[in-house]
Amino acid sequence: MTRTFNFNNGDCRTYTVEKEIKIKDPWSTYKFTKVKELRDCICEITEKNTGEVFIMIMHEQQIKEMYPNVYELLIKEAVK
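Think of each chain on its own: its residues are numbered from 1, step by step along the sequence as written. This being a predicted model, a pLDDT of at least 70 is required before a residue's local features are given, and a value of 80 or more before pairs of side-chain atoms are given or counted; all residues contribute to the totals for chains, interfaces and linings. Remark: hydrogens and water are excluded; side-chain values derive from all non-hydrogen atoms of the structure.

Participant: Please explain the nonpolar core as it appears in this structure.
Facilitator: Nonpolar side chains tend toward joint burial in soluble globular proteins. Residue types Ala, Val, Leu, Ile, Met, Phe, Trp, Tyr and Cys, when buried and joined through side-chain atoms within 4.5 Å, form a set referred to as a nonpolar core. Only protein chains enter the accessibility calculation, which uses a 1.4 Å probe; a residue whose area is less than 20% of its type maximum is buried, one above 50% is exposed, and one in between is partly exposed. Membership of the largest hydrophobic core is limited to twelve residues, which are I21, Y30, F32, C41, C43, I45, M58, I63, V70, Y71, L74 and I75. Counting residues per element, the ones that place at least two in this core are β3 (28-35), β4 (41-47) and α2 (68-79). Broken down by element, this core gets its largest block of residues, four residues, from α2. If sequence neighbours within four positions are ignored, Y71 has contacts with E60, I63, K64 and K76. Each helix is a run of DSSP H or I of at least 4 residues and each strand a run of E of at least 2, with the numbering of both proceeding from the N terminus. Any two residues whose heavy atoms approach within 4.5 Å are treated as being in contact.

Below you can see the structure in the form of structure tokens.
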């Protein structure tokens, strides 16, 4: 499955999705996407109150340190 991500309001790129994980907290929804073309992951944060969406590329090490459970499910399993 391919998906187009809109970085910086206009810099659109299409990637092949390998795996996605969604996490919800009281303020935001986080969607982590592992794509075939990048070693890193794409993190999409949607604020619940405003609906504002932030999309960024996160390095594996950042995810490992900040979201260890996501790292285990998204990256470590993909390497096996």
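Participant: I keep staring at the sheet that holds β4 and nothing clicks. Help me out?
Facilitator: Sheets are built from strands that pair by backbone hydrogen bonding, the pairs being arranged parallel or antiparallel. Strands are labelled as partners when DSSP assigns at least two bridges between them. The strand order across the open sheet formed by five strands is β1-β2-β3-β4-β5, and the pairing between neighbours is antiparallel. Across the chains shown, the open sheet's two edge strands, defined by having one partner strand only, are β1 (2-7) and β5 (53-58). When the angles between neighbouring strand axes are averaged without regard to direction, this sheet yields 45°. Pairing geometry for β3 and β4, over seven bridges, is antiparallel. In this analysis, axes come from line fits to C-alpha atoms, helices being fitted only over the stretch in contact, and the angle between any two N-to-C directions falls in the range 0 to 180 degrees.

Participant: Teacher, can you tell me more about the pattern of salt bridges here?
Facilitator: A side chain of one charge can pair with a side chain of the opposite charge if their charged atoms are brought near each other. Should a side-chain nitrogen of Lys or Arg be within 4 Å of a carboxyl oxygen of Asp or Glu, the pair is scored as a salt bridge. Taken as a whole, this structure holds four salt bridges when the rule is applied. With a shortest N-O distance of 2.9 Å, R13 and D11 are connected by a salt bridge.

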